[in-house]
Structure formats: C-alpha cells, structure tokens
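Single-letter residue listing:
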Amino acid sequence: MDSITTSIFDIFKTGPGPSSSHTIGPMKAALLFQDAMTGLSPDTPGQSLEIDVHLFGSLSLTGKGHGTHKAILGGLLGWEPATCDCDLLYQLLEDPDKIYEIGFNTGTNKTGQIKFSSRHIHFEEGGTENLPFSNTMQLKLRQGNRLLLEKEYYSIGGGFIKCKGEQEEKKERPPHAYGNMNQLRKIMQKTGLTLSQVILENEQAITGKSEVQIHENLDKIIGAMCTSVEKGLSTGGILPGPIGLSRKAKVLLENSLKMKWETGSFMAKLNAYAMAASEENAAGQRVVTAPTSGSAGVIPGVIYLLKHQYHLSRKQLREGMLAAAAIAFIAKKNASISGAEVGCQGEVGVASSMAAAFMTYALEGPMRKVENAAEIALEHQLGMTCDPVGGYVQIPCIERNAVGAVTAANAYILAEAGDPARHKITFDEVVETMMKTGQDMCSRYKETSLGGLAVCCVSC
Ligand code: SF4
C-alpha cells in the first residue's frame, strides 16, 4: 500500500465558503490555468482572446448555488483562496452582462488582456460518462476558432485538484510510512512514539518545515477556526441566496446562557459554535476546511467549546489537531472526503470522526480509544446522503454540522466507557464500508440536488 504523503495543511487550509470542492478547488484550477497561459503568444492581431469554462457533474448541477463560476473567475483574476476578499468574490458575475478583463503574461513583457463574462461559463448537462471524476472542469483559451490552450481539471474533494495527464508532485517518503489505521498503530507499537509524534515527524519530512513552524501553523489554523466561530456568533440576519434562511447560532448561544439544565446548556453551546462557523461558510466567508468547507463547522465547534469552556492548553489543542489530521488522511486515502463521490458521510461524517479523535486525544485518551471514538462517530453517519436544497450549502448542511459536533462528543463518551480490547469494528473497516456505501449510492444523492431533501423541500 502507498504511504500517506498528504500534509496537515492541505487538509486544514483557509479559503472562501461555501464548498471546498466547488469553490476552493475551482479557484485553484483557474489559478493553474492562468499560470499555464504564461508565455503563450497569440498571433492574430486585433482578434480578442476568450476563455471558455465547461463545468460537469455536480459542479454544473449545484455550481451556481456553490459559487463555482465566481471562484473560477476569481482564480483567473489571480485571486488566492487564502487571501482573496470574500465579499468581492461574492459580487463577481452578479451582473451577468459585466465584462471582466483577465490579464496574463505573454512572456514578452506585455500583459495580454482577455474579456470574460458570464457567457463564457457553460454549465453542461450530462457528459460525465467518460470522465474519470464527475466534478470536472475544462478550460479553453482561444483566439477566434484557434484553440491555444486546453486543460481538464478534476475537483476531488476538500479543495484537492488533479489535472488530466499531469503527474502529482512527488513528495518525500515519510519516515513512518502507513496507509491505514492498522499500519499506523503498528508503527506506534514498534517505535514507542505517540500519535502526535508520528504525524509531526512525517509532516516535517513531507514539507521540510521544522516542528516550531508546524506548531505555529497549527496555532494559526486553530485561531482561524475560532475567528469563524466568533464572527458567526456576532452576526444575525438572513443568509445570502433565495432560500431566505435565518442565521441561528447567535440565538442558540443566548438560549444556552439562560438554561438551568447544565447538559442542555452544554449541548446548546456546542450546537451554537458549530453552526456559527457553518453559517459563515454558507455566507461565503473565510473558513478552514476540516476536511471540507461544507463540514467546516464541526471541528471549530468542538475546539471552541474545549478551549473556552474547559480551558484546554495550547499543547492539547495542537495534539488534538494532529489526531484529527490522521483520521482525515486515512479517510481520504482509503475512501473519499467528497460529497460528490460518497455523499455527506465523506464530509460531515468524516469531520465528526476527526472531531471525536480530536476530543479523545486532546483529553489524553489512549490510541485505542482515539480510534474507537473515530470509528463510532463515522459508523453512525454511514450512508448519509448529500442533497443540498437549491444547491446552496445551507439546508441540511448547517444543522448537520451541529449534529456532527454533538455526535463527536457522544462518540467520545461511548469510547471512554468501552473496553478497547473488546471493540468489534475497526476504523479501517468503517472507512472501507463508507467507500462501498458511497459507490452503491445513487448519484442523485451525491451533491447533485436531484434527490432527497433537495427535491422534497419544494417550499424552500
Ligand atoms: S449535504 Fe453535506 S456534503 Fe452535501 S453540501 Fe451539505 S455539507 Fe456538503
């Protein structure tokens, strides 16, 4: 089995909401295309250049609600997911007739200009039968009828991109090579290293970063997660889009402060924190993918609670993040973290599993209990479909993040009470089951908005 070479910061990265596969991934693809245009020399004077973008699969079916067209234009304009102005991004293409000028370096000290408007984005119907991934983007640069450049990109979930015909960048083989939980556990037994030490040493080898740099980056990511919770808690009103959905996080927090029932107050707070970050995502604001933007409320919700309610130390929070990353690595390698590939079990299900591992490890649970908590959380979200109403990451997504955070806390409680030696289902088995379930799942339930709540909820 190939070893895992994904970086922690490819899983946890900042970018505009509402969907890593439909927003961050397409923006990255457009940036790559812009880079590939460098040095091209159009040779018909006076004839303008145009870029056509063809979207397939759920990028076409739910791309408008997810802002895929805006993200692609943002990328063509050279905007980066981590730094772009989210409000400006949201405004792109709101006026369908507005013409944008895209610059590129022709290699002769001149900057070429390309005119681009909404008519250059083509939401294709069907056509995915012969494509290796349903979430496909084709970008074509042409001058009149002459095709100057064509690229095909695949958005494979969590903001990860593949380009047709291009090899993935070769990464350094990590010192602790593992491809699943069983192998990871054996490495820990053989070397005597803790889970966080294994993940840290691998990260150092893969990225060339020092332990201090990795810790600094983890602190920044935790900070960005907490910011998304705080922004969500301080914002009320209606979310963008035609559904007219009200934000609820602020009210939930206010209710939690009035509750006399301690457990109810705890639950209301956890719900409020997870929904706050998820509402920010739905509003197209900057969030941290964990592992995706659609599921970007689960781990921030758990972290915010543990940090502010139970005052976990910086070391405990960092270690929790490393445990959560390990779960995402294994799920991504052996199944998928894409709603378009396996449904919401791969997004909120995996996020909940990561959060359960985070909680158990940060609260100093042994490795077996970390694995069991992750397994329990994912097991009870197997088969969960992706059916966003209207193609917007709002219903059922926002509440689902809150439910995912509560499930993580419950999985921690259940794992704590169990005897690890008698636990019957391994994490690897549940990941394999998630993949098989995703393969069996009808495409209507994989981010296409053609089935489930997306069609039942006609009044939304
Ligand atoms: S239902 Fe789940 S996977 Fe689908 S868009 Fe919403 S959060 Fe993402």
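Residues numbered from 1 in each chain as written. Predicted model: local features only at pLDDT ≥ 70, side-chain atom pairs only at ≥ 80, totals over all residues. Heavy atoms only, no water.

Participant: Looking at this structure, how should I read the nonpolar core?
Facilitator: Side chains of nonpolar character tend, in soluble globular proteins, to be buried together. Counting residues in each nonpolar core, the largest one holds 99 residues, and the members touching the most others are Ile8, Phe12, Leu184 and Leu195. Of the residues forming this core, the biggest block, 12 residues, is contributed by helix H13 (residues 314-334). For this core, the two domains that each supply at least three residues are domain 1 (17-163) and domain 2 (181-456). Within the second largest apolar cluster, 31 residues are counted, among which are Leu55, Leu59, Leu73 and Leu139. (Core = buried A, V, L, I, M, F, W, Y, C linked by side-chain atoms within 4.5 Å. Buried < 20%, exposed > 50% of the residue type's maximum accessible area, 1.4 Å probe, protein only. Helix = DSSP H or I, 4+ residues; strand = E, 2+ residues; numbered from the N terminus. Domains from an automatic or database assignment.)

Participant: I'm lost on the pairing of strand S6 (residues 136-143) in this one. Help?
Facilitator: Looking down a regular strand, the side chains alternate between one sheet face and the other. Counting buried residues along S6, 6 of its 8 residues qualify, which places the element largely inside the surrounding structure. The sheet contact formed by S6 and strand S7 (residues 146-157) spans 8 bridges and is antiparallel. Residue pairing across strands places Leu139 opposite Lys151, the latter belonging to S7. Connecting the antiparallel pair S6 and S7 is a turn made up of 2 residues, with Gly144 showing a positive phi of about 60°. (Pairing = 2+ DSSP bridges.)

Participant: What exactly am I supposed to notice about the packing of aromatic side chains here?
Facilitator: In this description, a pair of aromatic rings is defined by centroid distance and the angle of the planes. This structure, assessed with the given rule, holds 3 aromatic pairs. Centre to centre, the rings of Tyr273 and Tyr304 are 4.7 Å apart; their planes meet at 65°, and the pair counts as edge-to-face. Here the residue Tyr273 occupies a position in helix H11 (residues 262-282), and Tyr304 occupies one in helix H12 (residues 298-308), the gap between them amounting to 31 residues. Summarising the burial analysis for this pair, Tyr273 and Tyr304 share the class buried. Here Lys64 stacks its cationic end above the ring of Phe123, 4.6 Å away from the centre of that ring. In this structure, Lys332 packs its charged tip against the face of Phe160, placed 4.3 Å from the ring centre. (Phe/Tyr/Trp six-rings, centres within 6.5 Å; stacked < 30°, edge-to-face > 60°. Lys NZ or Arg CZ within 6 Å of the ring centre and 35° of its normal.)

Participant: In this structure, what is going on with the site of the ligand? I would like to understand it.
Facilitator: Around the ligand, the neighbouring residues are Gly294, Cys344, Glu347, Cys386, Asp387, Cys397, Arg400 and Glu447. Of the residues in the shell around the ligand, the class split is 3 nonpolar, 1 polar and 4 charged. (Near = heavy atom within 4 Å. Nonpolar A, V, L, I, M, F, W, Y, C, P; charged D, E, K, R; others polar.)

Participant: Just checking my understanding: could you explain the domain arrangement of the protein chain for this structure?
Facilitator: One frequent convention defines the size of an interface as the accessible area lost when the parts assemble. As assigned here, the protein chain comprises domain 1 (17-163) and domain 2 (181-456). Measuring from the centre of the C-alpha atoms in domain 1 to the corresponding centre in domain 2 gives 30 Å. Across the boundary between the two partners, domain 1 contributes 25 residues, which contact 26 residues of domain 2. Summing the contributions of domain 1 and of domain 2, the shared interface buries around 1,800 Å²; its carbon and sulfur component is 53%. Counting the surface domain 1 buries against domain 2, the share from its top three residues, Gly17, Pro18 and Cys86, is 24%. At the boundary of domain 1 and domain 2, one finds 0 salt bridges. Counting only elements with at least two residues in the side of domain 1 that touches domain 2, the list comes to helix H2 (20-37), helix H3 (58-61), helix H4 (63-66), helix H6 (86-91) and S7. Among the elements that make up the side of domain 1 that touches domain 2, the one with the highest residue count is H2 (4 residues). Of the residues assigned to the side of domain 1 that touches domain 2, the class counts are 10 nonpolar, 14 polar and 1 charged. (Contact = heavy atoms within 4.5 Å. Buried area = accessible area lost by both parts, 1.4 Å probe. Salt bridge = Lys/Arg side-chain N within 4 Å of Asp/Glu carboxyl O.)

Participant: It is not clear to me how the side chain of Asn271 should be interpreted in this structure. Could you clarify?
Facilitator: The topology assignment puts Asn271 in helix H11. Asn271 sits in the buried class, given a relative accessible area of 19%. With near-sequence residues (within four places) excluded, Asn271 lies in contact with Leu252, Ala402, Val403 and Val406.

Participant: I tried to follow helix H7 (residues 181-191) on my own but got confused; where do I start?
Facilitator: For an α-helix, the turn length of 3.6 residues means that residues three or four places apart are oriented alike. Among the residues of H7, those classed as buried are Met181, Leu184, Arg185, Ile187 and Met188. An end-on view of H7 places all buried positions within 155° of arc, on one side of the element. Exposed side chains of H7 directed beyond 90 degrees from the buried face belong to Gln189 and Lys190. Check the buried side of H7 and you find it contacts helix H8 (195-207), H13, helix H16 (367-379) and helix H18 (427-440). (Arc of directions from axis to C-beta.)

Participant: I keep staring at the pairing of strand S2 (residues 49-55) and nothing clicks. Help me out?
Facilitator: With respect to burial, S2 is a largely interior element, 7 of its 7 residues being buried. By the alternation rule, side chains of S2 split into Leu49, Ile51, Val53 and Leu55 and Glu50, Asp52 and His54, which are all buried. By the bridge criterion, 7 bridges tie S2 to S6 in an arrangement that is antiparallel. In the sheet register, Glu50 faces S6, and the bridge partner there is Arg142. Looking at chain direction, S2 and strand S5 (residues 121-123) are connected through 3 bridges and run parallel. Paired with Leu55 across the two strands is Phe123, which belongs to S5.

Participant: Would you take a moment to explain the packing of H8 against helix H9 (residues 211-233) for this structure?
Facilitator: Two packed helices can be described by the angle between their axes and the distance between those axes. Closest axis-to-axis distance for the H8/H9 pair is 10 Å, and the angle between their directions is 105°. Considering the angle they form, H8 stands roughly perpendicular to H9. Contact with H8, carried on its side by Leu200, Glu203 and Gln204, involves Glu211, Ile214 and His215 of H9 and no other residues of that element. Across the contact of H8 with H9, the residue classes break down as 2 nonpolar, 2 polar and 2 charged. (Axes fitted to C-alpha atoms, helices over the stretch in contact; angles between N-to-C directions. Parallel < 35°, antiparallel > 145°, perpendicular 65-115°, else oblique.)

Participant: Help me understand unusual backbone geometry in this model?
Facilitator: With the exception of glycine, the majority of residues adopt a negative phi angle, and the majority of peptide bonds are in the trans configuration. Of note, the amide linkage connecting Ala290 to Pro291 takes the cis form, showing an omega dihedral of 0°. One can find Pro291 in the loop between strand S9 (286-288) and H12. Between Ile395 and Pro396 the backbone carries a cis peptide bond, its omega angle lying at 5°. With respect to the element layout, Pro396 can be found in the loop between H16 and helix H17 (397-417). Even without being glycine, His311 reaches a positive phi, approximately 50°. We note that Glu364 has phi near 70°; this positive angle belongs to a residue other than glycine.

Participant: What is the right way to read the environment of Gly223 from this model?
Facilitator: Position of Gly223 relative to the elements: it lies in helix H9. On the accessibility criterion, Gly223 (29% relative accessible area) is partly exposed. With 21 residues separating them in the primary sequence, Gly223 and Gly244 have C-alpha atoms 30 Å apart.

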